[in-house]
Amino acid sequence: MSNYRYQNEAGGGVSGYSGIEVRDMHPRMMHPHHFTFVSTCVKYMIFMLNFIFWLFGGLLLGIGIYAFKDKWEQANGGVRLETIYDWILNISLVMIITGIVIFVVSFAGCLGALRENTCLLKFYSMYLLLFFLMEMAIAIVCFVFPQLMNTFLEKEFTETIIHSYRDDPDLQNFVDFAQQEFKCCGLSNAGYQDWGKNEYFNCSSPSVERCGVPYSCCINATDISSGLVNIMCGYGVQEHTVVAASKLIWTSACIETVRVWAERNLYVIAGIALGIALIQLLVIYLAKTLEGQIELQKSRWAA
């Protein structure tokens, strides 16, 4: 761009253009040479957040591999993985898969932010958005159709979990924890009678546990004087009526108990879910902002 200055000489009567001044207003001169469109604050905020999740993903992956290896050695390579439910209910495998996903996605966010790589940032923000939509879909189904979810869980998971109780130590520990924490026994509306479907607790079984339930169903499983757990406290309970059994064990079904607990704590759960959703949206926004800043910086260099 040029700037022309006009000068009129009064003495000689001569007028015209003189002292032409040309100013080059090239886009590169509009900003100092050290100027960048990329925000350092946004860049390192994304890096630090993802670095923490990257470490968490690696830790989860390591624990999952160790647990699966231990289970594999105990079962002499006989870990059952025939159906999708075997994969879902295998806690060590769930930890491995979850760890891999968190590790890879957070690593893409770390490296993408640190190296200002738009491809990695697009990959990162795309997967975050996918996770967000999946979480929203599950939340909507759980809150809007609780009975439908209740029926689905009872139908699809009750027999698998009950049958695999003694075969999978991780699943056994998880079921025992849930029954003790929520003070329930069994999964479906049959309650403690669900354990009759297990080959060890079935009344036709030659096992000493026949017609029994796991110790985690017992109201007083721990001896007060000795502090030891009485694993035999649930033996023979299936032969009792509900009234008689309720004096020894928790008789309500776990799925229904968890649903009632969720309804009582609906506002707390909804608040936590909303907080997580807002954090995810913030991170997605930061990633897209950084991506746009990098593209703007590249266009300036190309000019």
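J.: Report on the overall build of the protein, specifying residues and quantitative values.
T.: Summing up its helical and strand segments, the protein has 9 helices and 4 strands in all. Counting every position in the protein, which comprises 303 residues, the buried fraction comes to 32%. Considering only contacts within the protein whose residues lie at least 6 apart along the sequence, 66% involve residues at least 24 apart. Carbon and sulfur atoms make up 67% of the accessible area of the protein, which amounts to about 19,100 Å² in all.

J.: Give me the lowdown on unusual backbone geometry, citing residues and values where you can.
T.: Even without a glycine there, the phi angle at Lys 183 is positive, about 55°. Within the secondary structure, Lys 183 sits in the loop between helix H6 (169-182) and helix H7 (242-245). With phi around 60°, Cys 211 is a residue other than glycine that occupies positive phi space. Considering the arrangement of structural elements, one finds Cys 211 in the loop between H6 and H7. By relative accessible area, Cys 211 is classed as buried at 1%.

J.: Let's hear about the state of the cysteines: which residues, and what values?
T.: Counted according to the given criterion, the structure contains 4 disulfides. Residue Cys 184 pairs covalently with Cys 254 via a disulfide, S to S 2.0 Å. Taking the sign of the S-S torsion, about 95° here, the bridge from Cys 184 to Cys 254 comes out right-handed. Highlighted residues: Cys 184 in the loop between H6 and H7 and Cys 254 in helix H8 (residues 254-264), separated in sequence by 70 residues. The two residues Cys 184 and Cys 254 agree in class, both being buried. The partner cysteine of Cys 218 in its disulfide is Cys 233, sulfur to sulfur 2.0 Å.

J.: An account of the confidence of the model for the protein is needed here, citing residue identities and associated values.
T.: This prediction gives the protein a mean pLDDT of 83; 86% of its residues lie at or above 70. Across the protein, helix H3 (residues 91-115) holds the top mean pLDDT of 93, while strand E1 (residues 2-3) sits lowest at 45. Ignoring residues within four places in sequence, the model shows residues 1-7, a span with pLDDT below 50, making 21 contacts including any to other chains. Confidence drops under a pLDDT of 50 for residues 14-29, and excluding neighbours within four residues, the segment shows 28 contacts in the predicted structure.

J.: Could you give an account of the packing of aromatic side chains, with specific residues and numbers?
T.: Within this structure, the stated rule accounts for 12 aromatic pairs. Measuring from ring centre to ring centre gives 6.4 Å for Trp 54 and Phe 107, while their planes differ by 40°; the resulting arrangement is tilted. With Trp 54 in helix H1 (residues 40-74) and Phe 107 in helix H3, this residue pair connects regions lying 53 residues apart in the sequence. Judged by relative accessible area, which is 40%, Phe 107 ranks as partly exposed. Judged by centre distance (6.2 Å) and plane angle (55°), the ring pair of Tyr 127 and Phe 131 falls under tilted. Of this pair, Tyr 127 and Phe 131 both sit in helix H4 (residues 118-144), separated by 4 residues, roughly a single helical turn. Through a chain of ring-to-ring contacts, the aromatic side chains of Phe 47, Phe 51, Trp 54, Phe 103 and Phe 107 assemble into a single cluster.

Conventions we followed
Residues numbered from 1 in each chain as written. Predicted model: local features only at pLDDT ≥ 70, side-chain atom pairs only at ≥ 80, totals over all residues. Heavy atoms only, no water. Helix = DSSP H or I, 4+ residues; strand = E, 2+ residues; numbered from the N terminus. Buried < 20%, exposed > 50% of the residue type's maximum accessible area, 1.4 Å probe, protein only. Contact = heavy atoms within 4.5 Å. Areas by Shrake-Rupley, 256 points an atom, 1.4 Å probe, with all protein chains shown as cover. Disulfide = S-S within 2.5 Å. pLDDT = per-residue confidence, 0-100. Phe/Tyr/Trp six-rings, centres within 6.5 Å; stacked < 30°, edge-to-face > 60°.

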